[in-house]
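A look at the structure
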Amino acid sequence: MAGTSHGHTPAAWTGVIIAFIGFCVAGVFMVAANPLGFWAGIVVIFAGGVVGYAMKLAGLGMPKESSELVEARARAGEAQVSH
């Protein structure tokens with residue numbers, strides 16, 4: 001996976017950072033026994049997913065692979081297995 005830059009995009013980083021902040025908020029308010037703050041943290045977690053997906057749609061995520069590239073990768077994998 002190191003050669004594919006899996007997840008190293010602005011969309012991925014932004015979505016994960018927002019979701020992490022939401023996780024921290026939800027955790028703090030869960031320990032503090034505050035249900036409203038907990039659910040606010042859960043909303044922030046889902047907002048991270050929405051923001052990441054929106055950024056991906058805006059072109060800041062990984063580009064989709066062409067069918068030719070997928071077929072070439074499959075052929076290369078089969079060639080390695082047969083040797």
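This is a predicted model, so every value here is computed, not measured.

Observations regarding the overall build of the protein
The helix and strand inventory of the protein stands at three helices and zero strands. Going from N to C terminus, the protein has its helices and strands arranged as α-α-α. Of the contacts formed within the protein by residues at least 6 apart in sequence, a portion of 59% connects residues at least 24 apart. Accessible surface for the protein amounts to roughly 6,400 Å². Of this, 74% is attributable to carbon and sulfur atoms.

Observations concerning the packing of aromatic side chains
Going through the model one piece at a time under the given rule, you end up with one aromatic pair. Ring centres 5.0 Å apart and planes at 75° place the aromatic pair Phe 38 and Trp 39 in the edge-to-face group.

Thoughts on unusual backbone geometry
Even without being glycine, Ala 33 reaches a positive phi, approximately 60°. You can call Ala 33 exposed: its relative accessible area is 63%.

Some remarks on the side chain of Thr 9
Summarising the element assignment, Thr 9 is placed in the segment before α1 (10–31). By relative accessible area, which is 8% here, Thr 9 ends up buried. Residues in contact with Thr 9, not counting those within four places in the same chain, are Leu 60, Gly 61 and Met 62.

Quick look at the UniProt feature "transmembrane region" (unreviewed entry) in the protein
The UniProt record marks residues 12–32 and 38–55 with the feature "transmembrane region" (unreviewed entry), using the residue numbering of this structure. Spanning residues 38–55, this segment combines 100% helix with 0% strand, and its end C-alpha atoms are found 26 Å apart.

Brief notes about a nonpolar patch on the surface
Residues Trp 13, Ile 17, Phe 20, Ile 21, Phe 23 and Val 44 make up a contiguous nonpolar surface patch of roughly 640 Å² in combined accessible area. By secondary structure assignment, the location of Phe 23 is in helix α1.

Describing the packing of α1 against helix α2 (residues 35–60)
As a packed pair, α1 and α2 sit with axes 7 Å apart at the nearest point and diverge in direction by 180°. Classified by the interaxial angle, the pair formed by α1 and α2 is roughly antiparallel. Classifying every residue of the contact of α1 with α2 gives 17 nonpolar, seven polar and one charged.

Remarks on α2
Across its 26 residues, α2 extends 35 Å between first and last C-alpha, which sits within 8% of the 38 Å expected from 1.5 Å per residue. Buried within α2 are the following residues: Gly 37, Gly 41, Gly 48, Gly 52 and Met 55. Against α1 lie the buried residues of α2. Of the residues that open α2, the one with a side-chain oxygen 3.2 Å from the backbone nitrogen of Leu 36 is Asn 34.

What counts, and where the lines are drawn
- Residues numbered from 1 in each chain as written.
- Predicted model: local features only at pLDDT ≥ 70, side-chain atom pairs only at ≥ 80, totals over all residues.
- Heavy atoms only, no water.
- Helix = DSSP H or I, 4+ residues; strand = E, 2+ residues; numbered from the N terminus.
- Contact = heavy atoms within 4.5 Å.
- Areas by Shrake-Rupley, 256 points an atom, 1.4 Å probe, with all protein chains shown as cover.
- Phe/Tyr/Trp six-rings, centres within 6.5 Å; stacked < 30°, edge-to-face > 60°.
- Buried < 20%, exposed > 50% of the residue type's maximum accessible area, 1.4 Å probe, protein only.
- UniProt positions renumbered as here; feature names shortened; annotations may be inferred.
- Patch = residues over 30% accessible without salt bridge, like charges linked within 9 Å, V, L, I, M, F, W, Y side chains within 5 Å.
- Salt bridge = Lys/Arg side-chain N within 4 Å of Asp/Glu carboxyl O.
- Axes fitted to C-alpha atoms, helices over the stretch in contact; angles between N-to-C directions.
- Parallel < 35°, antiparallel > 145°, perpendicular 65-115°, else oblique.
- Nonpolar A, V, L, I, M, F, W, Y, C, P; charged D, E, K, R; others polar.
- Expected span 1.5 Å × (residues − 1).
- Polar contact = N/O pair within 3.5 Å; in protein donor to acceptor, adjacent residues only side chain to side chain.

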